[in-house]
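Close look at the chain arrangement
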Amino acid sequence: MTPALVALVALDLLANLAPPRPPAPVAAAWKTVKTVDGVRLARAPSDRAAPWGMGEGEIAAPIDRVIAHLTDFGSLGKWMPRVAELRVLERGADEAVVYFRIDLPWPISDRDWTLRYRWRRDGDRFVMTWCEASDRGPPP
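Here's what I pulled together on the structure shown here. (Residues numbered from 1 in each chain as written. Predicted model: local features only at pLDDT ≥ 70, side-chain atom pairs only at ≥ 80, totals over all residues. Heavy atoms only, no water.)

Looking at the pairing of strand S7 (residues 125-132)
Pairing of strand S6 (residues 111-122) with S7, which is carried by eight bridges, proceeds in the antiparallel orientation. Across the sheet, residue Arg 118 finds its bridge partner in S7, namely Thr 129. Linkage of S6 to S7, two consecutive antiparallel strands, is achieved through a turn of two residues, within which Gly 123 is found at a positive phi near 65°. (Pairing = 2+ DSSP bridges. Helix = DSSP H or I, 4+ residues; strand = E, 2+ residues; numbered from the N terminus.)

Thoughts on the sheet that holds strand S4 (residues 83-91)
Spatial ordering of the open sheet is given by S4-S5-S6-S7, a layout of four strands whose pairing is antiparallel. The outermost strands of the open sheet, each flanked by one partner alone, are S4 and S7. Mean inter-strand twist for the sheet, computed between neighbouring axes without regard to direction, equals 25°. The pairing of S4 with strand S5 (residues 95-102) spans seven bridges and is classified as antiparallel. Note on S5: the bridge partner recorded for Glu 85 is Arg 101. Here helix H2 (residues 63-70) sits on the sheet in contact with S6 and S7, set at roughly 10° to S7. (Axes fitted to C-alpha atoms, helices over the stretch in contact; angles between N-to-C directions. Contact = heavy atoms within 4.5 Å.)

A short note on the environment of Met 54
Along the chain, the position of Met 54 falls in strand S3 (residues 52-56). For the pair Met 54 and Ala 44, spaced 10 residues apart in sequence, the C-alpha separation works out to 8.4 Å. If near-sequence neighbours (up to four positions away) are discounted, Met 54 is found in contact with Pro 25, Trp 30, Arg 40, Leu 41 and Ala 42.

A word on H2
Given 3.6 residues per helical turn, the α-helix brings residues three or four places apart onto the same face. Residues of H2 that are buried include every one of Ile 63, Val 66 and Ile 67, and no others. Down the axis of H2, the buried set is contained in an arc of 100°. They therefore lie on one face. Turned more than 90 degrees from where H2 packs its buried face, Asp 64 and Arg 65 sit exposed. Next to the buried residues of H2 lie S6 and S7. (Buried < 20%, exposed > 50% of the residue type's maximum accessible area, 1.4 Å probe, protein only. Arc of directions from axis to C-beta.)

Following this line, the structure appears as C-alpha cells:
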C-alpha cells in the first residue's frame, strides 16, 4: 500500500470508531467537586487531556419544558458570557452542532468553539452530552 492509501484507510477507521464515552453516572469514578443549590457537580478521569464533567440536579418544572429550554441553542448567548457569535450549524431530533465565537478581552484573542450536543430522554431523566467538534465549524 502507498503511504497515502494507508493514511486514508487509517482516517476511515478513525472516522468509524465510536466517540469516547464517560463512565456511567453511578460509577465510582465520579467524585463530587461541589454541590450548589441542589446541583451536584462531579468529575471523572478520562484518557483524554481533560477529565469528564457532570452536573446533576432536580428542577421543579415539567421535564418537557426543561428539555425545550436546554435544547434551545439559539438562545444560549443570553446565558453564556462573552458570546459574540453563535450559530446552530446542524440540528436533528436528538443532536445539534453549535458554533461559538467567544469575545475575550485584550490581550487575549477571541476563541472559536464548535460543540456537538447529543441528548436523550431516559424515563423521567434527561441526559445531554457534548464534545468538541471543531472540524465541523467554520474556518478560524
